[in-house]
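# Summary of structural features
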Amino acid sequence: MFERLLERGFQVEFQSHAKAILGVDFPAAAEELETALLSTTIPIEEIIAGGGGESRGTQRLRRALAALGWLKTTFTIEKRINGVPRESQSHEVDHVRDFDGGQRIALEIEWNNKDPFYDRDLENYKRLHADGAISVGVIVTRGTSLHGNMRALVRRFLDERGIDDLAALAEWGYQPTPRQKVAIEQRIVRARSAITFRDAFVDKFVSDKFGEATTHWRKLDDRVRRGVGNPCPLLLIGLPDSIVTFGEGKAALEEVEAAEAEAEARAGA
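The structure contained in this document is the topic of the report that follows. (Residues numbered from 1 in each chain as written. Predicted model: local features only at pLDDT ≥ 70, side-chain atom pairs only at ≥ 80, totals over all residues. Heavy atoms only, no water.)

## With respect to the environment of Ala49
Within the fold, Ala49 resides in helix 4 (residues 44-49). With 126 residues separating them in the primary sequence, Ala49 and Gln175 have C-alpha atoms 8.0 Å apart. (Helix = DSSP H or I, 4+ residues; strand = E, 2+ residues; numbered from the N terminus.)

Rendered as structure tokens:
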């Protein structure tokens, strides 16, 4: 199962018999997931222009899953006494796939949130599984290679395009905050241990946007090892650095700009 993902460098881990459940009861779901994930790419330009936020690549993955029937769902669980509602809890999950017999698989994508979002996801899965609402919980997140090599990926972007100042970065959709701008400039001009613009930008951008307190494989693994979410069967998938592409150039920014314009139009409506 998921051999093609493993060949591409994806991390795949099963917990609490999730592999047996998927293999026997939901082979179609596993195939759908593998197909959607194998088509996932994130142009490096989207990472830079997005400033660390959810990339258009992960949003395209969301749309691909939605097209296959993995839809946002709100579960409402009520406690009743003699038919009178006494307690109600709601749990929203971004992607849920329904199957015959009322069986469901829940999926969350944690591209670059604060790492406590894992606690929310895993505890939701635990409660939903205990109440019979889901059979398996899935989390897709930044894998070890993507998180660990983010500095190298950003540096490659700067090197290939010969970027040596913030003005050149503006052409690629990146606008630093005043604090970031000052921090970068101070490291370039300081009297002792000054560094190049490229080194300063890579360090500041990655530490600010993809730091250790964000959602990546090790943070997820730490929680699973502590038993968070147990005993819900879990499928954990880590996105590899191989999904980041470098051949799109300015064309990759068109979708980013279109999405931003659409969001501004909705906000002004």
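## As for the nonpolar core
Ile47, Ile105, Val138, Phe157, Leu169, Phe201 and Phe205 are the most contacted members of the largest nonpolar core, which has 53 residues in total. If one sorts the elements of this core by residue count, helix 11 (residues 197-209) sits on top with 6 residues. When neighbours within four sequence positions are excluded, Val138 is seen to be in contact with Leu33, Ile105, Ala106, Leu107, Glu108, Tyr125, Leu235 and Ile237. In terms of nonpolar packing, the next biggest core, distinct from the first, is built from 18 residues, Tyr118, Tyr125, Trp217 and Leu234 among them. (Core = buried A, V, L, I, M, F, W, Y, C linked by side-chain atoms within 4.5 Å. Buried < 20%, exposed > 50% of the residue type's maximum accessible area, 1.4 Å probe, protein only. Contact = heavy atoms within 4.5 Å.)

## Things to note about the sheet that holds strand 7 (residues 234-239)
With mixed pairing, 6 strands are arranged side by side in an open sheet as 1-7-6-5-4-3. This sheet does not close on itself; its edge strands, each paired only once, are strand 1 (11-15) and strand 3 (71-81). Taking the axes of each pair of neighbouring strands and ignoring which way they run, one obtains an average angle of 25° across the sheet. Relative to strand 7, strand 1 runs antiparallel, the two being bridged by 5 bridges. Each bridged residue has a counterpart across the sheet, and for Glu13 the counterpart in strand 7 is Leu236. Contacts from helix 6 (residues 116-130) reach strand 3, strand 4 (84-98), strand 5 (104-110), strand 6 (136-142) and strand 7, with the element oriented near 175° to strand 5. (Pairing = 2+ DSSP bridges. Axes fitted to C-alpha atoms, helices over the stretch in contact; angles between N-to-C directions.)

Geometric values such as these leave the question of function open.
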